[in-house]
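Read off the chains here:
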Amino acid sequence: MSVTSVGSRAETPADRARDQRPAPRRRPWWRSRGLAGWGYAMPTAVVVAVFFLLPLVMVFWMSLHRWPLLGDPTANFPDDYTRARDNQLFRDSIWFTLKYTAIITVLLSGTALGLALLVQERRRGTGFYRTAFFLPCAVGFASASLLFYGLFSNSIGPLDPMLRKLGVIDEPVAWTGTPNMALFSTIVLVLWRFAGFNMLILLTGLQGIPVEVYEAARVDGASRWATFRHITLPLLRPAIALMLTLSVTGSLLAFDQFFILTQGGPDNSTMSMVMVIYREAFVRFDLGAAAALSVVVLAVLIVLNVFQLGVLRHRTRKENG
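The structure displayed is predicted, hence computed values, not measured ones. (Residues numbered from 1 in each chain as written. Predicted model: local features only at pLDDT ≥ 70, side-chain atom pairs only at ≥ 80, totals over all residues. Heavy atoms only, no water.)

### A short note on the overall build of the protein chain
Along its length, the protein chain carries 14 helices and 2 strands. For the protein chain, the proportion of its 321 residues judged to be buried stands at 35%. Counting contacts in the protein chain only where the partners sit at least 6 residues apart, residues at least 24 apart contribute 66% of the total. Surface summary for the protein chain: the accessible area is close to 20900 Å², and the carbon and sulfur share equals 65%. (Helix = DSSP H or I, 4+ residues; strand = E, 2+ residues; numbered from the N terminus. Buried < 20%, exposed > 50% of the residue type's maximum accessible area, 1.4 Å probe, protein only. Contact = heavy atoms within 4.5 Å. Areas by Shrake-Rupley, 256 points an atom, 1.4 Å probe, with all protein chains shown as cover.)

### Some details on unusual backbone geometry
Note that the residue after Phe77, namely Pro78, is joined by a cis bond; omega there is 5 degrees. Residue placement: Pro78 occurs in the loop between strand S2 (74-75) and helix H3 (79-86). Going from Gly265 to Pro266, the amide bond is cis rather than trans, its omega being 0 degrees. On the secondary structure map, Pro266 appears in the loop between helix H12 (256-262) and helix H13 (273-282). One non-glycine residue, Asn268, lies in the positive phi region at around 60 degrees. Along the chain, the position of Asn268 falls in the loop between H12 and H13.

### Side note on the packing of helix H4 (residues 88-118) against H13
Any two packed helices are characterised by how steeply their axes cross, that is the angle between the axes, and by the distance between the axes. Packing of H4 against H13 brings their axes to within 8 Å, and their N-to-C directions diverge by 155 degrees. Overall, the two elements H4 and H13 adopt an arrangement that is roughly antiparallel. Across from Leu89, Phe90, Ser93, Ile94 and Thr97 in H4, the residues of H13 making contact are Met273, Val276 and Arg279. Class assignment of the residues belonging to the contact of H4 with H13 gives a composition of 5 nonpolar, 2 polar and 1 charged. (Axes fitted to C-alpha atoms, helices over the stretch in contact; angles between N-to-C directions. Parallel < 35°, antiparallel > 145°, perpendicular 65-115°, else oblique. Nonpolar A, V, L, I, M, F, W, Y, C, P; charged D, E, K, R; others polar.)

### As for helix H8 (residues 179-207)
For an α-helix, the turn length of 3.6 residues means that residues three or four places apart are oriented alike. Relative to the 42 Å expected for 29 residues at 1.5 Å per residue, H8 spans 41 Å between its end C-alpha atoms, a close match to the ideal helical length. Maximum bend of H8: about 40 degrees, positioned at Phe194. (Expected span 1.5 Å × (residues − 1). Bend = angle between axes of the 7 residues up to and from the residue.)

### Focus on the nonpolar core
With 40 residues, the main nonpolar core has Phe90 and Tyr100 as its most contacted residues. Elements supplying a minimum of two residues to this core: H4, helix H6 (141-152), helix H7 (159-165), H8, helix H11 (237-252), H12, H13 and helix H14 (287-319). Those residues in contact with Phe90 that sit more than four places away from it in its chain are Ala84, Met273, Val276, Leu293, Val296 and Val297. Counting residues in hydrophobic clusters, the runner-up holds 22 residues, among them Leu202, Tyr214, Ala217 and Met243. (Core = buried A, V, L, I, M, F, W, Y, C linked by side-chain atoms within 4.5 Å.)

### Thoughts on the packing of aromatic side chains
Counted according to the given criterion, the structure contains 15 aromatic pairs. Here Phe148 and Trp192 contribute two aromatic rings whose centre-to-centre distance is 5.4 Å and whose plane-to-plane angle is 55 degrees, an arrangement assigned as tilted. One end of the pair, Phe148, is in helix H6; the other, Trp192, is in helix H8, and 44 residues separate them in sequence. Residue class for Trp192 comes out partly exposed when judged on its relative accessible area of 33%. Ring geometry for Phe255 and Phe259: centres 5.0 Å apart, planes at 20 degrees, overall stacked. Residue Phe259 is classed as partly exposed on the basis of its relative accessible area of 34%. Within the aromatic cluster, the residues linked to one another by ring pairs are Phe148, Phe152, Trp175 and Trp192. Over the aromatic face of Phe194 sits the side chain of Arg193, whose NZ or CZ is 4.8 Å from the ring centroid. (Phe/Tyr/Trp six-rings, centres within 6.5 Å; stacked < 30°, edge-to-face > 60°. Lys NZ or Arg CZ within 6 Å of the ring centre and 35° of its normal.)

### Structural notes on the packing of helix H5 (residues 126-134) against H8
Two elements in contact, H5 and H8, have axes whose closest approach is 8 Å; the angle formed by their N-to-C orientations is 135 degrees. Taken together, H5 and H8 sit at an angle that is classed as oblique. Of the residues in H8, those in contact with Arg130, Phe133 and Phe134 of H5 are Gly196, Phe197, Met199, Leu200, Leu203 and Gln207. Taken together, the residues of the contact of H5 with H8 sort by class into 6 nonpolar, 2 polar and 1 charged.

### Re the pattern of salt bridges
Counting across every chain of the model gives 6 salt bridges. Here Arg83 makes a salt bridge to Asp286, at a shortest N to O gap of 2.5 Å. Here the residue Arg83 occupies a position in helix H3, and Asp286 occupies one in the loop between H13 and H14, the gap between them amounting to 203 residues. The class for Arg83 is partly exposed, based on a relative accessible area of 37%. Note on Asp286: relative accessible area 14%, which makes it buried. Salt-bridge contacts for Arg123 lead to Glu121; the nearest nitrogen and oxygen are separated by 3.6 Å. Taking relative accessible area as the criterion, Arg123 reaches 46% and is therefore assigned partly exposed. Salt bridges sharing partners connect three or more residues here, namely Asp80, Arg83 and Asp286. (Salt bridge = Lys/Arg side-chain N within 4 Å of Asp/Glu carboxyl O.)

Any link to function would need more than the numbers given here.
Dropping the structure here:
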């Protein structure tokens, strides 16, 4: 009978087999997980660098120079930014773009939320309505702008004759002839084009809310308004944040609808910031000034989006305690 020391145990066959196994071979460096991750991320990184970072750096560099369309650039910092500050048309376009952004964001958000709530539950005809509301998104924005340009035309458009037959108007309406009507016509176009897309974003958020939460609210006797206010809106906040970010960004960068539908008129009353940049670059052929204006627009865009996301996060933290 063998005696073993305290704290030790006899060696078993399993221990001897484990000791005799060869040490695991190290993976070659080209098969490491880190390198594989870099390989998967590299195509996207190259695309971002080539089509976003490099143009951004180039625009900032151009804004520091007098950069004619033909000829050599010459450094003139801060002349381009000073001219941007003194450009009355650009200052007017900032206020108009901010006003347009505020109006379209409110109307688009309310319309999209109403459509999403309308088609939230599965019932007969819901699929048809979802498709019908989303279908305008399949039309290109430039094509949609041309479509509404023809629709609002007093000479070839069908809208005025139809309204006259219905007795709504007695004479043709100048849909883009006055500043207010031009803005109204543009808002109608944007609502028709993007309401279905924003509806889809909110509908995805609505379908992610657990049904059990609504059932518990019904059991507790909560009204429809209380359920919407205390359950739907708080749980829908991530989708609302995404929708607002896309809406604000798209509105600040508005170009197609004003360039095609109103041409910035009448009397430059619907001139957006991007249209002023286009005018400086491709009408006045001053790429340096256009680049400086682009940097200013980018700064405004960043500030507004950071403020918007900060407000949403603050409210989320406040409600979560």
